[in-house]
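Read off the chains here:
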Amino acid sequence: MSVHRQSADLVGAAEGLRSRHWLLLAVAGGALVTALFASDLDMRLEAAMVALTFAAIVLIARGLMVWERVRDRGLDLRLARLLGEDAAPCFTTDAVGQVGYQNRAAIARFGERSGSTLVASLGDHFASPASVLFRLQARAANLGSSREDVVTRRGHVRLSVHRIGPGRFLWRLEEFQDRSVVAGRGAEGLSLPMLVANKSGVVLFANESLRRLVGERPKRLDRVFTDLAPRSGEEVEVATVDGPVRVILAEVEGLGERREIYLMPVPSTTAQGSAHADFEHLPVALMKFGSDGSLRVANRAARDLLGLGHDAQPDFSDLFEGLGRAVRDWLADVAAERMPGGAEVLRLRRSEEEVFLQIALRRIVEHGRPLVLAVLNDATALKTLEAQFVQSQKMQAIGQLAGGIAHDFNNLLTAISGHCDLLLLRHDREDPEFADLVQIHQNANRAASLVGQLLAFSRKQTLKPERIDLQEVLADLTHLLNRLVGERVTLRLSHAPDLGPIRADKRQLEQVLMNLVVNARDAMPEGGVIGIETEDLVLTEELRRDRAAVPPGRYAAIHVRDEGVGIPPDRLQKIFEPFFTTKRVGEGTGLGLSTVYGIVKQSGGFIFVDSEVGRGSVFHLYFPINEEPLPVEPVPAARPEPDGSRRGEGVVLLVEDEAPVRAFASRALRMRGYTVIEAENAEEALRALEDPALEVDVFVTDVVMPGMDGPTWVRQALQQRPDVRVIFVSGYAEECLAESQSRIPNSVFLPKPFSLNDLTSTVQEQVH
């Protein structure tokens with residue numbers, strides 16, 4: 001191959017010198033004259049050498065050109081013996097596409113083309129011949145040969161090319177005339193309208209019947225069909241000279257990516273009576289809707305279920321609601337096959353009672369017409385049970401919340417009632433302020449009883465979907481979530497700017513967030529960080545994951561992530577199932593995540609989870625953005641803190657992070673003769689106990705404090721001082737401390753709010 005390439009380069013160089021031959025000969029002649037008549041011998045020798053050199057160059061170039069012509073003639077003779085009688089047209093071309101040899105079939109089919117280009121020869125036979133020939137020639141130059149099937153008006157051509165030498169190519173054209181011959185000739189006599197089109201929608205042929213139907217020879221399919229994507233076997237609308245006409249489209253796929261399309265008349269409806277009777281009496285509620293949402297037919301079971309008259313034809317959106325987006329859009333997506341048929345639970349609109357229906361949609365084609373079949377099942381009982389599940393989870397979450405709120409109020413009430421007790425000690429009954437102080441004390445006690453009721457209080461609320469701003473909801477919910485996670489867990493929120501509103505039930509959305517945060521908290525028994533992030537997400541194409549398909553569009557995404565133990569892969573697909581839980585017996589109902597899943601789906605959203613064992617989990621919630629304006633609904637929230645205190649003859653170490661409670665407790669104990677050492681937190685208390693000369697009789701400590709909690713620091717302190725008595729104080733219920741307290745000897749629990757006498761008497765009992 002390298003020898004051929006070198007010879008080709010030499011021939012090319014000779015061809016380049018062809019126009020300069022006479023100039024070279026003139027230079028050689030001038031040098032020869034100089035050699036003959038110059039007086040200097042050296043100059044004569046040099047001139048003779050120049051003359052001989054230029055003459056040799058001219059002779060060699062002319063010889064190479066003659067040799068190339070002889071070789072080309074020999075190649076053409078060999079090709080003539082090989083391909084001269086071939087029935088397929090054959091050509092040879094040079095590197096620039098100029099035609100050399102043609103066999104008899106090529107001359108008969110295209111005429112004498114020597115000297116012209118192959119692009120010009122094939123220009124009237126198929127589209128874009130220059131790009132096709134360039135592509136094939138480049139491929140053959142690299143690989144040795146190439147082949148491609150090209151659609152033409154007469155059928156299709158198989159165009160093949162072989163490299164037969166340096167800068168020489170052999171082309172062969174095989175023409176196939178299959179059904180396109182029938183379409184072009186025999187189809188002219190068909191009474192059935194038909195056409196042939198390529199994959200891009202260009203009409204290659206239309207018979208006489210179709211031309212009469214549409215009034216012209218159409219150039220593209222969109223001139224014939226009003227539907228942009230007509231499907232074979234379905235009823236379509238054709239734009240004719242007399243207006244739109246409904247026909248049945250039958251398509252036959254041809255060779256070379258051609259489409260043969262036949263238009264057949266719509267069958268008579270007289271033979272449909274029997275099928276309609278069967279549909280009418282089926283014991284399953286069935287309805288058929290058009291792609292525009294209009295009701296076409298409903299059987300007796302469906303009319304009885306919905307309370308419809310025999311002739312009623314309401315729209316799909318007039319019958320149902322509650323998907324979180326327009327229900328008509330859901331039906332249109334199924335009709336257009338943008339999403340597969342599926343089932344959703346919707347609420348019946350025209351009903352005095354709460355009636356829920358599970359509706360499964362599936363696209364069907366009936367007598368050529370695309371329809372959407374809806375299968376209806378009464379889901380009212382299921383929704384009632386779901387509401388009970390939601391209420392049960394809500395009760396559990398409110399119980400957690402009530403504990404946090406009670407803790408806050410108990411700290412406040414301890415300070416109020418305690419300082420009131422201190423004032424009462426300085427006033428006799430005859431003092432005019434005594435009665436006012438008694439009223440303050442009594443009302444503080446009433447407030448304490450109400451806080452006690454709050455611990456067991458929860459009531460059901462009416463749930464209504466509305467357009468809400470996620471940032472406002474999360475901002476209002478932050479305080480409540482902080483109470484749920486407790487002191488060991490840090491809650492971090494990150495908001496996306498300009499996040500659009502969504503349509504959902506605010507209380508249900510709060511329930512979703514509380515369930516996910518509680519779930520994240522339980523996954524981190526040693527504490528950690530829970531992150532809640534919002535994101536303005538735009539999907540340009542369908543997102544498929546976990547057997548769900550999220551349509552393209554704009555979504556408000558919420559990501560709830562934790563640093564917990566994670567979920568094993570074999571359990572990941574079951575976490576949304578009712579009564580499935582990864583917690584220990586007695587710690588969960590198994591309804592939290594299933595409730596989250598139901599609320600998200602009911603709101604028209606999607607939920608997915610990523611988890612890695614030992615690394616944590618991330619829940620992703622996607623809600624469609626609702627562009628309509630948001631109503632403003634400010635919702636306040638509370639935030640709690642911990643406390644501790646006590647009294648007698650001896651030394652008391654008082655550890656309480658709440659300053660008003662610590663001030664009251666220390667004054668009360670000092671008034672009763674105790675020596676009080678105050679500490680704001682556990683770390684400060686442990687530093688004070690590092691002094692071996694300090695003797696302490698009683699630890700009075702709050703249970704829940706920032707940093708190290710009460711039981712933890714007490715266990716450390718008792719290792720060096722095992723005889724010290726302990727009093728735990730807290731605004732939370734005693735059950736929260738029961739397990740830790742049982743492992744600490746000589747400890748008692750004093751619930752907040754406590755009075756001066758409660759504190760001093762408890763300390764006295766521990767000291768003595």
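Above this text sits the structure in question.
Rules of the game
- One numbering rule holds for all chains: residues counted from 1, following each sequence as written.
- Owing to the predicted nature of the model, reporting of local features is limited to residues with pLDDT of at least 70; listing and counting of side-chain atom pairs is limited to 80 or more, with chain, interface and lining totals taken over all residues.
- Only hydrogens and water are set aside; all other atoms, that is, all heavy atoms of the structure, feed into the side-chain values.
- For the purposes of this section, nonpolar cores are sets of buried Ala, Val, Leu, Ile, Met, Phe, Trp, Tyr and Cys residues that join through side-chain atoms within 4.5 Å.
- Per-residue accessibility, obtained with a 1.4 Å probe over protein chains only, is compared with the maximum for each type, and a residue is labelled buried under 20%, exposed over 50%, and partly exposed between these values.
- Contacts are assigned to residue pairs that have any heavy atoms within 4.5 Å of one another.
- Here a helix means four or more residues in a row that DSSP labels H or I, a strand means two or more in a row labelled E, and each is numbered from the N terminus.
- By definition, the arc is the one covered by directions from the helix axis to the C-beta atoms.
- One less than the number of residues in a helix, times 1.5 Å, gives the span that helix is expected to have.
- For two strands to be treated as a pair, DSSP must find at least two bridges joining them.
- Throughout, an axis means a line fitted to C-alpha atoms (over the contacting stretch in the case of helices), and angles, computed between N-to-C directions, take values from 0 to 180 degrees.
- Aromatic rings from Phe, Tyr and Trp, with only the six-membered ring used for Trp, were paired whenever their centres fell within 6.5 Å, and each pair was classed as stacked if the ring planes differed by under 30 degrees, edge-to-face if by over 60, and tilted otherwise.
- Here, a charge over a ring means that NZ of Lys or CZ of Arg falls within 6 Å of the ring centre while also lying within 35 degrees of the ring normal.

1. Quick look at the nonpolar core
- One finds Ile530, Phe619 and Leu621 to be the most contacted residues of the largest nonpolar core, which totals 42 residues.
- Once you skip the residues sitting within four places of it in the chain, Leu621 turns out to touch Val512, Leu516, Ala556, Ala557, Ile558, Val600, Phe606 and Ile607.
- Core analysis: the next-biggest nonpolar cluster, separate from the first, contains 27 residues, Phe289, Leu306, Leu323 and Leu348 among them.

2. Quick look at helix 21 (residues 710-720)
- Within helix 21 the residues assigned to the buried category are Gly710, Pro711, Trp713, Val714, Ala717 and Leu718. Down the axis of helix 21, the buried set is contained in an arc of 160°. They therefore lie on one face. Exposed residues lying more than 90 degrees from the buried face of helix 21 are Gln719 and Gln720.

3. Overview of helix 16 (residues 506-522)
- An ideal rise of 1.5 Å per residue puts 24 Å on 17 residues; helix 16 measures up with 24 Å between its terminal C-alpha atoms.
- Within helix 16, 14 of the 17 residues are buried, which leaves the element mostly enclosed by the surrounding structure.

4. Looking at unusual backbone geometry
- Residue Lys752 is joined to Pro753 through a cis peptide bond whose omega torsion reads -5°.
- With respect to the secondary-structure elements, Pro753 resides in the loop between strand 30 (747-751) and helix 23 (756-767).
- Although it is not a glycine, Asp498 adopts a positive phi angle of roughly 55°.
- Residue placement: Asp498 occurs in the loop between strand 18 (489-494) and strand 19 (502-505).
- Judged by its relative accessible area of 70%, Asp498 is exposed.
- Non-glycine residue Asn746 carries a positive phi angle of around 55°.
- Counting through the fold element by element, Asn746 comes out in the loop between helix 22 (738-742) and strand 30.
- By relative accessible area, Asn746 is classed as partly exposed at 36%.

5. Observations regarding the sheet that holds strand 12 (residues 295-298)
- Here we have six strands laid out as an open sheet, ordered 12-11-16-15-14-13, and antiparallel in their pairing. Sheet topology places strand 12 and strand 13 (320-321) at the edges, where each strand pairs with a single neighbour.
- Taken together, the three bridges between strand 11 (residues 285-289) and strand 12 define a ladder with antiparallel strand orientation. Directly across from Phe289, in strand 12, lies its bridge partner Leu295.
- In the packing of helix 12 (residues 327-335) onto the sheet, contacts are made with strand 11, strand 13, strand 14 (343-348), strand 15 (356-366) and strand 16 (369-378), and the angle to strand 15 comes to roughly 30°.

6. Regarding the packing of aromatic side chains
- Following the criterion strictly, the structure yields seven aromatic pairs and no others.
- An angle of 55° between the planes, with centres 6.4 Å apart, marks the rings of Phe316 and Trp330 as tilted. Of this pair, Phe316 sits in helix 11 (residues 316-319) while Trp330 sits in helix 12; the two residues are 14 residues apart in sequence, bridging distant segments of the chain.
- The lysine or arginine in question, Arg109, covers the ring of Phe110, its NZ or CZ lying 5.1 Å from the ring centre.

7. Comments concerning the pairing of strand 11
- The buried fraction of strand 11 is high, at five of five residues.
- Neither face of strand 11 is open: one carries Ala285, Met287 and Phe289, the other Leu286 and Lys288, and all of them are buried.
- Here strand 11 pairs with strand 16 via five bridges, running antiparallel. Residue pairing in the sheet places Lys288 in a bridge with Leu373 of strand 16.

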